[in-house]
Amino acid sequence: MKAVYSKQQLKKMLPLMILLFCVMQPLLDVLGYWQQQLEIPNGVTMFARMLLLALMLLLGFVLSDRKWVYLCGGGVVLLYLIGHVLSCRAMGYLDPLEDLTEQMRIFLMPATALCFITFLKQNSRSYKAMLTGLMVNLGVILLVELLATLTGTDPHTYSNKNIGVLGWFIWANSQSAILSILCPIAIYFALERFEGRLLPLVGTCLLSFGLLFFCGTRLAYLSLAAAGVGMALCLLLMGKARRRQAVAVLCCALVFLALIPVSPMVKNQKTLDQNVQTKQDRIYAAVAPYGVTEEQTETDDPQALAAAYHFYLQALVDRFGLERVARQYHNSLKVGEIFDRRTMLLSGCRLLMEDAPHSARFFGLELGLMRQKTELYDFAKDQWHPGTETFDPENDFHGVYYLCGLVGLGLIVCFLLLFALRALIALGRAPKDVFTPGFCAFACAFAIALCYAWATVSVLRRNNASVYLGLTLAGLWYHSGKDGKTYAP
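These numbers were taken from a predicted model, which means no experiment stands behind them. (Residues numbered from 1 in each chain as written. Predicted model: local features only at pLDDT ≥ 70, side-chain atom pairs only at ≥ 80, totals over all residues. Heavy atoms only, no water.)

Engineer: Talk me through the overall build of the protein; I want residue IDs and the actual numbers.
Structural biologist: Check the secondary structure of the protein and you find 21 helices and two strands. For 489 residues, the compact-globule estimate of 2.2 N^0.38 gives 23 Å, and the C-alpha radius of gyration of the protein, at 24 Å, lies within 12% of that figure. By principal-axis analysis of the C-alpha atoms, the protein measures approximately 80 × 55 × 45 Å. In the protein, buried positions account for 51% of the 489 residues. At a minimum sequence separation of 6, the contacts of the protein that also span at least 24 residues come to 74%. As presented, the protein carries roughly 22,600 Å² of accessible surface, and 64% of it is formed by carbon and sulfur atoms. Here the protein holds 42 positive side-chain charges and 34 negative ones, and the gap between their average locations is 17 Å. (Helix = DSSP H or I, 4+ residues; strand = E, 2+ residues; numbered from the N terminus. Rg over C-alpha atoms; globule rule 2.2 N^0.38 Å. Buried < 20%, exposed > 50% of the residue type's maximum accessible area, 1.4 Å probe, protein only. Contact = heavy atoms within 4.5 Å. Areas by Shrake-Rupley, 256 points an atom, 1.4 Å probe, with all protein chains shown as cover. Lys, Arg positive; Asp, Glu negative; His and termini not counted. Charge placed at Lys NZ, Arg CZ, Asp CG, Glu CD.)

Engineer: Hey, could you go over the nonpolar core for me, with residue numbers and the actual values?
Structural biologist: In this structure, Phe209 and Tyr309 are the most contacted members of the largest nonpolar core, which totals 153 residues. The element best represented in this core is helix α7 (residues 172-193), accounting for 13 residues. Setting aside its immediate chain neighbours within four residues, Phe209 contacts Cys183, Ile187, Leu224, Ala227, Gly228, Val249, Cys252, Ala253 and Phe256. (Core = buried A, V, L, I, M, F, W, Y, C linked by side-chain atoms within 4.5 Å.)

Engineer: Tell me about helix α9 (residues 218-237), residues and numbers included.
Structural biologist: With 20 residues, α9 should cover 28 Å at 1.5 Å per step; its first-to-last C-alpha distance of 28 Å lies within 8% of that length. Of the positions making up α9, those classed as buried are Leu219, Ala220, Tyr221, Ser223, Leu224, Ala227, Gly228, Met231, Ala232, Cys234 and Leu235. At the C-terminal side of α9, Gly239 shows a positive phi close to 120 degrees. (Expected span 1.5 Å × (residues − 1).)

Engineer: Give a detailed account of the pattern of salt bridges, specifying residues and quantitative values.
Structural biologist: Counted according to the given criterion, the structure contains eleven salt bridges. The salt bridge partner of Glu394 is Arg341, with a shortest N-O separation of 3.2 Å. Of this pair, Glu394 sits in the loop between β2 (383-390) and α18 (396-429) while Arg341 sits in helix α16 (residues 341-355); the two residues are 53 residues apart in sequence, bridging distant segments of the chain. Of the residues examined, Arg341 reaches a relative accessible area of 30% and is grouped as partly exposed. In this structure, a network of salt bridges that share partners links the residues Glu102, Arg105, Asp392 and Arg461. (Salt bridge = Lys/Arg side-chain N within 4 Å of Asp/Glu carboxyl O.)

Engineer: Please give an account of the layout of surface pockets that cites residues and values.
Structural biologist: Empty space within the second largest pocket amounts to approximately 880 Å³. Forming the boundary of the second largest pocket are 32 residues, of which Val69, Gly73, Gly74, Val77 and Leu114 lie nearest the centre. Of all the elements in the fold, those that place two or more residues in the lining of the second largest pocket are α2 (43-63), α3 (67-91), α5 (108-122) and α18. By residue number, the principal contributor to the lining of the second largest pocket is α3, which donates eleven residues. (1 Å grid on protein atoms, 1.4 Å probe; cavity = no way out; pocket = protein on both sides within 12 Å on 5 of 7 lines; lining within 4 Å. Points joined across faces, edges and corners; volume = space filled by probe spheres on them.)

Engineer: Can you tell me about unusual backbone geometry, naming the residues and giving the values?
Structural biologist: Excluding glycine, most residues fall at negative phi; most peptide bonds, likewise, are trans. Unlike most non-glycine residues, His156 shows phi in positive territory, near 70 degrees. Mapping His156 onto the fold places it in the loop between α6 (126-150) and α7. Non-glycine residue His330 carries a positive phi angle of around 55 degrees. Within the secondary structure layout, His330 lies in the loop between α14 (322-328) and α15 (335-338).

Engineer: Before we move on, can you summarise empty space enclosed by the protein with the specific residues and values?
Structural biologist: Applying the stated criterion across every chain, the model contains two cavities of 30 Å³ or more. Estimated volume of the largest cavity: approximately 70 Å³. If you trace the largest cavity, you find it lined by Phe21, Gln25, Leu28, Arg49, Leu52, Leu53, Met56, Leu108 and Val467. Looking at the lining of the largest cavity, the elements with two or more residues in it are α1 (2-37) and α2. At four residues, α2 tops the list of elements feeding residues into the lining of the largest cavity.

What follows is the structure, given as structure tokens:
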């Protein structure tokens, strides 16, 4: 009886605990930022996130009516981790604690989604608490950005150019992803909370779109368009009663899209374009002593290649040798290839995988193997300094593959596909019941998150944003229930 009573009490407390969990996310991000600025070890925030994960899993398991889902999921992850550890040991394990911590970061998103599906089922007020928490987070982010701007401490989205508003947050792409995920959900919240009233809806749209606009990343503007046009189209398809709301959302989006020519993104792009010729000139100046002319886009001369690659690819050369690096780059002298960071990081990972045992293709590489001490070139200051380059891909799916192998990547992809297929099946079975503003908002947020995972390292491997993806998946699951019911674990 005591256990049953305790379980009932936990269920009653769920809305409050969910609200606190959500609100803690931006606060932990701000704490992490100031820890980094003050050069304090990140143990406090790491411990807090791991404690939250443990408590969340414990609570989800205790409250779940289908504990076998948790046990099976945990068993699958444990079997994968055994394979990963054995594969890493075959290469010489450099830092098991760091490596396993990185692995846990990747599996935080599925754990969050699983637990919140349970929470949404166990208490009917949990869903409202989750929505409220997400909207409070949007307000907290706005407040932090205002404080950072007013105090002159904003690190900016593009820190080396002082372009874009970021606030006291560490990763620009992750913060952009968080704002992009929250945008369609905020529109839906305004539609439900202020039913039939246009002014609160317009205010919410202007706030959400404005945060994305001043953030300044290219994906932020894509998300702005997707959320604005997507939600407006969904509202139009729902009938005449929603037309005024659809027009309001669309007009707000079009205002900010029309301002793109004067946006932080365009300003940053112009700066990048101006730097391209300067970089190319430096490459040609470096290879000129070896008889390479400006008309040549490639060369077989190893001395010329060494001089050209020294600017940005020296870490690769130090680790793998000039011949292998030149083969990866097809002996290119093009600035767009040599100074392309994504290409450099992926080239490093490909070469690491070539040197690794065959098991690494299935269970991944250790993060510590991706680091290389070298000389780094500061293009803005035209200076060299000793440092460490990390061959960590700048998009999530590649990153998961190289760190977790085909097995880990397959688990994550299958997990995401489960939610997508469930939503599509539910929509096909009962389109009138399922096609609601809530379903459209969470489906839009899910699609946006996948775009970020494809193009950046911001959602699957950054815990500050992966939590929001987990909540989005739980919300999509909630809105994809048959006949308005959820079938949660």
